[in-house]
Structure formats: C-alpha cells, structure tokens
Amino acid sequence: MTENEIYNLVISSHHPQINSVLVWEKGEITAECYFNGFNAESRHNIKSVVKSFLAAAIGIAQDEGLLNIDDRISKYLPEFAEQRDLKHRLISIRHLLTMSSGIFWQGGVHYHCPMMDAMQRSKNWIDYIADCQIQSQPGTLHNYKEFDVILLSAILGTVTGDAFDYINEKIFTPLEITNARWIKSPDGVYYSPALDEKLESVSAMKARDMLKLGQLFLQDGGWNGRQIISKEYIDLAVSPSPQNKNYGFLWWLGEGWYGCRGFGGQSVTVFPSQSKIVVTQATAISRPLHYEDIIFAV
C-alpha cells in the first residue's frame, strides 16, 4: 500500500488519534506516514511496548547465565522467600513472562488502576505486591497485569545491578535507540508503562526506534552481524504459552503475526512470512482504542 493510500485509509477510517503509521518490508521502509503534526523525529510515549523490551532483556540475561526463566522468583526477591503465602515458592520467572503468576489483580477502568495507585504510594513496591493474595495456582491462568512485569524488572535489577543501564547497554545502544531513564520506585525498581501522564516523556521513542525491536525479533536476535539475543529465546518468546494461545513472553500473538501492544494504539506488529513490520503510534484517550483495521490493511 502506498503512502497516499495509507493517508486515505486512516482518514476514511475516522481515526483522528493516529499519529504515525510506518511499514517496513523485506529490508526497507516502504511507507512512513505522520499525522497531527508528528514527524520522523517526534517521540511518543510507547506505553506497554516497554514490556516487550523488558522481555528481550530477560532473554539476554538468560543467555549470559545471569538467570534462568525457570528459576523461582524467591531466589531473587527476598519478600517472596518469607512464606507470606506458601504458593510464592511456586512462582517462576517464566510465570511472570506469561502473566500467570496467580497474584491477585484488579485492573480498574480506562487505565486507572487503584492497585497501582496504592502500590505507588507505598515506600516498597515489591513488599506491597508480596502482600497481595495469590488468587490462582501459579502457572495455570493468564491474567494481564502490571505486577508481574514490575517483579521482572526487580529481578533484572537484582542480577545486573541496574535494570535500565543493562537494557540501555544490551539493547538501546547497539540498536541506536535513545530513551530517557525510566522512573525508579522508592525501593529501586525501574518501571515505566503504567505511570501517570505527568511522566509522558518517559519511554518516549520515535516510530523508527519501535521498528527496531520488531526487526531484532524478525532477524532471530541478530543485529548488524552481532547476536543480541539467542534465537532459542526468541522462538520461546513468540510461541503460545500454555495459559493463553495468544500470548508469549510479553508479546501478543495471532495467526501469522506477533507483536507489542501499548495502551491507546502503540504497536509493533511482525508478519514473519511476509518479512513485514507495521508500527503505529496514537494519542491515548480515556477509552482503549485499537487500530487492527489499519495494521492488517497496510
């Protein structure tokens, strides 16, 4: 689809919140469309697309022998070794990656989550999460929640010394991505996607920067002749989990595609058989909007 056709499609579909649509095919950008004053240099809050970057970093840490995704999280987080709940000892890193820890979660409405608000008011995020009830047997049910990803960030920080510095060194720098340092909790945990809008500049990227994560996975973890992540881990990350056939390791999956999704229309969608990647960015509003009609049309 040409850029003019994409412009017409976005306008005719009545999606005024869309700010960018980028299409990459077989090694080159074939279309790059911007709206609402955005351009190729504009940075956009990528919201929960950050989760997929974190999943990539966990893979690198495993490749380097810093952790194993089948390790119990109590090995790295003392709060989960205190037997506040006997099921804590069953939670593995893999369960966090697949959003199946079993920890109680109530997501709230329109991205406003009372549980996140309460956690952010606490002085110790990990302690707060460890006090939450285990609602289901770890590894049995998929429940999309921020807590699992926060625990992953805490584990990455424990094994590397600084989670953001590690991601910056292992992913952002080799891929030539510039990203502001993420917000750190009072107990030293980096996190970014679900924070309030006053922190809009956090995890802000260009559309072309988002594209690079899709390229990295499509290229089996290779980048400019260097293996950034093992192919074995990437294959696991974009394979259906037992708890949800449409979810891997913080990556969404569908028929013929896998991708990252962030609230309000931030997305990276990889079509492996077509060697194609589509990136969208959009202004998030109070209700969650999705732009699959654009993604799968271009």
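Chemist: What is the right way to look at the overall build of the protein in this model?
Modeler: The number of helices and strands found in the protein is 10 helices and 12 strands. Its C-alpha radius of gyration of 19 Å places the protein within 12% of the 19 Å reference for a compact globule of 298 residues. Seen along its three principal axes, the alpha-carbon backbone of the protein occupies a region of about 60 × 40 × 35 Å. Put simply, the protein has 298 residues, and 56% of those count as buried. For the protein, the proportion of contacts with a sequence separation of at least 24, taken over those separated by at least 6, is 65%. Only carbon and sulfur atoms are counted for the fraction: they give 49% of the accessible area of the protein, which is about 12700 Å². A distance of 3 Å separates the average location of the 26 positive side-chain charges in the protein from that of its 33 negative side-chain charges.

Chemist: Looking at this model, I keep getting lost on the confidence of the model for the protein. Mind explaining?
Modeler: Detailed reading of the predicted coordinates is not advisable wherever pLDDT is low. Confidence in the prediction for the protein averages 93 pLDDT; 96% of positions are at 70 or higher. Ignoring residues within four places in sequence, the model shows residues 194-201, a span with pLDDT below 50, making 12 contacts including any to other chains.

Chemist: Which parts of the structure should I look at to understand the packing of aromatic side chains?
Modeler: In this description, a pair of aromatic rings is defined by centroid distance and the angle of the planes. Tallied over the full model, the rule gives 15 aromatic pairs. On the basis of an interplanar angle of 70° and a centroid distance of 5.1 Å, the ring pair of Y7 and F35 is categorised as edge-to-face. Here Y7, found in helix α1 (residues 3-12), pairs with F35, found in the loop between β2 (28-34) and β3 (44-45); they are 28 residues apart in sequence, far enough to count as distant. On the accessibility criterion, Y7 (28% relative accessible area) is partly exposed. Note on F35: relative accessible area 12%, which makes it buried. For the pair Y233 and F249, a centre-to-centre distance of 5.7 Å together with 50° between the ring planes defines the contact as tilted. On the criterion of sequence distance, the pair formed by Y233 in helix α9 (residues 231-237) and F249 in the loop between α9 and β9 (252-254) is long-range, its members being 16 residues apart. In this structure an aromatic cluster arises from ring pairing among F53, F164, F172, W182 and Y190.

Chemist: Looking at this structure, I do not really get the side chain of Q281. What am I missing?
Modeler: Along the chain, the position of Q281 falls in strand β12 (residues 276-282). Reaching out from Q281, the side chain makes a polar contact with the side chain of S20 at a distance of 2.7 Å. Excluding residues within four positions of it along the chain, Q281 makes contact with Q17, I18, N19, S20, H44, M205, K206, A207, M210, G265 and Q266.

Chemist: So what exactly am I meant to see when it comes to the nonpolar core here?
Modeler: Soluble, globular proteins show a tendency: their nonpolar side chains are buried together. Counting residues in each nonpolar core, the largest one holds 83 residues, and the members touching the most others are F80, I93, L97 and F217. With 10 residues, helix α2 (residues 49-63) is the single largest residue contributor to this core. With sequence-adjacent residues up to four places away left out, L97 is seen in contact with A55, I58, I69, L152, Y233, Y247, G248, F249 and L250. Grouped together as the second largest cluster of nonpolar side chains are 18 residues, V21, C33, Y291 and I294 included.

Chemist: Would you mind showing me how to read the packing of α2 against helix α6 (residues 146-160) here?
Modeler: Helix packing for two helices is described by the angle between their axes and how far apart those axes are. With their axes 11 Å apart at the nearest point, α2 and α6 run at an angle of 40° to one another. Relative to α6, the element α2 is oriented oblique. Considering the relative orientation of α2 and α6, their crossing is left-handed. Residues K51, L54, A57, I58 and A61 of α2 pack against E146, V149, L152, S153 and L156 of α6. Of the residues belonging to the contact of α2 with α6, the class tally is seven nonpolar, one polar and two charged.

Chemist: I keep staring at the sheet that holds strand β1 (residues 18-25) and nothing clicks. Help me out?
Modeler: Sheet strands line up and pair through hydrogen bonds in the backbone, either parallel or antiparallel. Strand order across the open sheet formed by six strands is β2-β1-β12-β11-β10-β9, with antiparallel pairing between neighbours. Of all the strands in the sheet, just β2 and β9 have a single pairing partner and so form its edges. In this sheet, adjacent strand axes meet at a mean angle of 15° when their direction is disregarded. Pairing analysis gives five bridges linking strand β11 (residues 266-271) to β12, with the strands arranged antiparallel.

Cut-offs and rules
Residues numbered from 1 in each chain as written. Predicted model: local features only at pLDDT ≥ 70, side-chain atom pairs only at ≥ 80, totals over all residues. Heavy atoms only, no water. Helix = DSSP H or I, 4+ residues; strand = E, 2+ residues; numbered from the N terminus. Rg over C-alpha atoms; globule rule 2.2 N^0.38 Å. Buried < 20%, exposed > 50% of the residue type's maximum accessible area, 1.4 Å probe, protein only. Contact = heavy atoms within 4.5 Å. Areas by Shrake-Rupley, 256 points an atom, 1.4 Å probe, with all protein chains shown as cover. Lys, Arg positive; Asp, Glu negative; His and termini not counted. Charge placed at Lys NZ, Arg CZ, Asp CG, Glu CD. pLDDT = per-residue confidence, 0-100. Phe/Tyr/Trp six-rings, centres within 6.5 Å; stacked < 30°, edge-to-face > 60°. Polar contact = N/O pair within 3.5 Å; in protein donor to acceptor, adjacent residues only side chain to side chain. Core = buried A, V, L, I, M, F, W, Y, C linked by side-chain atoms within 4.5 Å. Axes fitted to C-alpha atoms, helices over the stretch in contact; angles between N-to-C directions. Parallel < 35°, antiparallel > 145°, perpendicular 65-115°, else oblique. Left-handed = near helix turned anticlockwise from the far one by under 90°. Nonpolar A, V, L, I, M, F, W, Y, C, P; charged D, E, K, R; others polar. Pairing = 2+ DSSP bridges.

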